[in-house]
Amino acid sequence: MKRLQQLALAACFVLPLSVWADVTVSDAWVKPTIPGTENGAGYFVIRNDGAQAVTLSGVSSDASRASEVHQHVMNDEGMMRMRRVPELTINADEQVVFQPGSYHIMFFGVKNPFRVGESVAFQLQFTDADALDVVAEVRSLK
Ligand SMILES: [Cu+2]
């Protein structure tokens, strides 16, 4: 009985740690904005090394009027279209690659043109984890 109580006590201290999100973003970059246009796109690899799935629920940035998580999808006519992704789940021990033609961060109404060598800051929001600050380098298409 004593041992059981000790185990229960230990679990109380250990449990909060196990639900901590362990999400990292790497290789963050944004495309330079095309002169005469006001939208931009950002890419990165997001990895979940935690024990539980996390759900990306949005993005915010001071660099543009609005920003959204997007995905490219094929429509009925076989055309690639972009669609807003309200929630994206990243399972435990998995990663999702944001890249041209796939998932991306869409920046609407870029305030100052994204120029190569500069950086763009944004923040990723999760339903079940703390927000994550990201600084992306402006890079030419690779
Ligand atoms: Cu888009």
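Here the structure is a predicted model, which is why all the values come from computation and not from measurement.

Caption draft 1: Inspection of the overall build of the protein chain at higher detail. The helix and strand inventory of the protein chain stands at 1 helix and 10 strands. Secondary structure of the protein chain in N-to-C order comes out as α-β-β-β-β-β-β-β-β-β-β. Across the 142 residues that make up the protein chain, the buried fraction comes to 21%. Nonlocal contacts in the protein chain, meaning residues at least 24 apart in sequence, comprise 68% of its contacts between residues at least 6 apart.

Caption draft 2: Looking closely at the nonpolar core. Grouped together as the largest cluster of nonpolar side chains are 21 residues, with contacts concentrated most on Phe 44, Ile 105, Val 120, Phe 122, Val 134 and Ala 136. The set of elements that each furnish at least two residues to this core consists of strand E1 (23-30), strand E2 (39-48), strand E3 (54-60), strand E8 (104-110), strand E9 (119-126) and strand E10 (132-138). The contact partners of Val 134, leaving out residues within four places of it in the chain, are Val 25, Ala 28, Phe 44, Phe 122 and Leu 124.

Caption draft 3: View of the pairing of E9. Alignment of E3 against E9, held across 4 bridges, turns out to be antiparallel. When the sheet's bridge partners are listed, Ser 60 is paired in E9 with Gln 123. Two elements, E9 and E10, share 6 bridges in a ladder whose sense is antiparallel. Residue pairing across strands places Val 120 opposite Ala 136, the latter belonging to E10.

Caption draft 4: Region of the structure containing the confidence of the model for the protein chain. This prediction gives the protein chain a mean pLDDT of 88; 85% of its residues lie at or above 70. Highest mean pLDDT in the protein chain belongs to strand E7 (residues 94-98) (98); lowest belongs to helix H1 (residues 2-18) (52). Counting interchain partners and residues more than four positions distant, the pLDDT-below-50 stretch residues 14-19 has 2 contacts.

Caption draft 5: Looking closely at unusual backbone geometry. Positive phi values are uncommon outside glycine, yet Asp 27 reaches one of about 50°. Relative to the assigned elements, Asp 27 resides in strand E1. Positive phi values are uncommon outside glycine, yet Asp 93 reaches one of about 60°. Inspection of the secondary structure assignment puts Asp 93 in the loop between strand E6 (88-90) and E7. The exposure class assigned to Asp 93 is exposed, which follows from the 12 C-beta atoms found within 10 Å.

Caption draft 6: Spotlight on the environment of Met 106. Mapping Met 106 onto the fold places it in strand E8. C-beta crowding within 10 Å serves as the criterion here: with 19 such atoms nearby, Met 106 is assigned to the partly exposed category. When residues no more than four places from it in sequence are discounted, the contact partners of Met 106 are Asn 39, Ala 41, Ser 67, Glu 68, His 70 and Met 82.

Caption draft 7: Up close: the pairing of E1. The pairing of E1 with E2 spans 6 bridges and is antiparallel. Looking at the pairing, Val 30 lines up with Gly 42 of E2. Pairing between E1 and E10: 2 bridges, direction parallel. Within E10, the residue paired with Val 30 across the bridge is Val 138.

What counts, and where the lines are drawn
Counting restarts for each chain, with residues numbered from 1 along the sequence as it is written. For a predicted model such as this one, the threshold for reporting local features is a pLDDT of at least 70, and the threshold for listing and counting side-chain atom pairs is 80 or more; totals across whole chains, interfaces and linings nevertheless cover every residue. Helix and strand assignments follow DSSP, with helices taken as H or I runs no shorter than four residues and strands as E runs no shorter than two, numbered in order from the N terminus. Note on burial: count the other C-beta atoms lying within 10 Å of the residue's C-beta; 20 or more is buried, 12 or fewer is exposed, in between is partly exposed, and C-beta positions come from the backbone. Distance between backbone-placed C-beta atoms decides contact: two residues are in contact if it is within 7 Å. Each nonpolar core consists of buried Ala, Val, Leu, Ile, Met, Phe, Trp, Tyr and Cys residues. Their C-beta atoms, within 7 Å, join them into a set. Only when DSSP finds a minimum of two bridges between them are two strands counted as paired. Scored from 0 to 100, pLDDT reflects the predictor's confidence in each residue.

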